[in-house]
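Overview (structure and organization)
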Amino acid sequence: LPGAVPEEELMNSGHELPEGYTCPLCCLPIALPVARHSSLETCCMKTVCHGCILASRKRGMGKSCAFCRTPTPDSDEATLHLIQKRVEARDPVATQRLASAYYDGSLGLEQDVPRAIELWTEAARLGAFDAHYWLGIMYFDG
């Protein structure tokens, strides 16, 4: 075809992926859907690909975070404590995750939609992309 763009040029053009779509360890893009091919580490709020998690376990790290080496929490209470610690440090991903926990009533929290909306608003101010999405859903649903 005359004037056709080579595949390599096409694939290298465009926007860069947001931070949550690349693994912080191997720096490779995480396959979509991201939730199926990666895990959110609640200690450091990093989304790590399953390949890096597998590699860390093969190296004998057991059940510790592949990114920060913190032991993986074994209960909802421990997970909630780590998330709240990151929220106090004004981490947008942790704030968004805590909002989701309030919305779902997970991690031992009672369902509290107004509190979830407050936290999503704060997470959006801090720069969490998913928080904007969830606020839009809440406003759309009423």
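This write-up is about the structure you can find in this document. (Residues numbered from 1 in each chain as written. Predicted model: local features only at pLDDT ≥ 70, side-chain atom pairs only at ≥ 80, totals over all residues. Heavy atoms only, no water.)

1. A look at the pattern of salt bridges
Just so we agree on the cut-off: Any carboxyl oxygen of Asp or Glu that lies within 4 Å of a side-chain nitrogen of Lys or Arg is treated as forming a salt bridge with it. Counting from the N terminus, the helices are the DSSP runs of H or I reaching at least four residues and the strands are the DSSP runs of E reaching at least two. Burial classes: relative accessible area under 20% of the type maximum marks a residue as buried, over 50% as exposed, and values in between as partly exposed (1.4 Å probe, protein chains only).
Tallied over the entire structure, the rule returns four salt bridges. One salt bridge connects Glu-122 with Arg-90, and the closest N-O pair in it is separated by 3.2 Å. Placement of Glu-122 in helix α6 (residues 113–126) and of Arg-90 in the loop between α4 (76–88) and α5 (92–104) is noted, with a sequence separation of 32 residues between them. A relative accessible area of 52% places Arg-90 in the exposed class. Across the pair Glu-122 and Arg-125 runs a salt bridge, and its minimum N-O distance is 3.6 Å. Taken as a pair, Glu-122 and Arg-125 lie in helix α6 at a separation of three residues, close to a single helical turn. Connected via shared salt-bridge partners are Arg-90, Glu-122 and Arg-125.

2. Quick look at the pairing of strand β1 (residues 38–41)
Keep this limit in mind: Any two strands with at least two DSSP bridges between them are considered paired.
Across four bridges, β1 lies against strand β2 (residues 46–49) in antiparallel orientation. Within β2, the position partnered with Ser-38 by the bridge is Cys-49. Connecting β1 to the antiparallel partner β2 that follows it, the hairpin turn spans four residues, and Met-45 within it adopts a positive phi of roughly 60°.

3. Some remarks on unusual backbone geometry
Following Leu-32, the chain continues to Pro-33 via a peptide bond in cis, the omega torsion being -5°. Topologically, Pro-33 is positioned in the loop between α1 (7–12) and α2 (34–37). Despite not being glycine, Arg-90 shows a phi value in the positive range, around 65°.

4. Details of helix α7 (residues 129–141)
We count it as follows: By this rule, a helix spans an expected 1.5 Å times one less than how many residues it contains. Note that the arc is defined by the directions from the helix axis to the C-beta atoms. In this description, contact between two residues means that some pair of their heavy atoms is separated by no more than 4.5 Å.
With 13 residues, α7 ought to run about 18 Å at 1.5 Å a step, and its terminal C-alpha atoms sit 19 Å apart, in line with that. Among the residues of α7, Ala-131, Leu-135 and Met-138 are the ones counted as buried. Mapping the buried residues of α7 onto a view down its axis gives an arc of 60°, with all of them on the same face. Structural note: α7 exposes Phe-129, Tyr-133, Phe-140 and Asp-141 on the side pointing more than 90 degrees away from its buried face. Each element contacted by the buried residues of α7 is listed here: α5 and α6.

5. Some points on the nonpolar core
This is how it is decided: The term nonpolar core refers to a set of buried residues drawn from Ala, Val, Leu, Ile, Met, Phe, Trp, Tyr and Cys, joined through side-chain atoms within 4.5 Å.
Counting residues in hydrophobic clusters, the biggest one holds 19 residues, and the most contacted among them are Ile-83, Leu-98, Tyr-102, Leu-109, Trp-120 and Ala-131. Mapped onto this core, the elements with two or more residues apiece are α4, α5, α6 and α7. Setting aside its immediate chain neighbours within four residues, Ala-131 contacts Gln-96, Trp-120, Ala-123 and Ala-124. Counting residues in each nonpolar core, the second largest holds eight residues, with Ile-30, Val-34, Ile-53 and Ala-66 among its members.

6. Digging into the packing of aromatic side chains
Using the following cut-off: Two rings from Phe, Tyr or Trp (for Trp, the six-membered ring) form a pair when their centres sit within 6.5 Å of each other. Planes less than 30 degrees apart are called stacked, planes more than 60 degrees apart edge-to-face, and all others tilted.
Scanning all chains against the criterion turns up four aromatic pairs. Both rings, one in Tyr-103 and one in Trp-134, keep their centres 6.2 Å apart while their planes meet at 45°; by these two values the pair is tilted. Taken together, the positions of Tyr-103 in helix α5 and Trp-134 in helix α7 put the pair 31 residues apart, joining distant regions of the chain. Accessibility expressed as a relative area gives 28% for Trp-134, which makes it partly exposed. Centre to centre, the rings of Tyr-133 and Trp-134 are 5.3 Å apart; their planes meet at 80°, and the pair counts as edge-to-face. Within the aromatic cluster, the residues linked to one another by ring pairs are Tyr-103, Trp-120, Tyr-133 and Trp-134.

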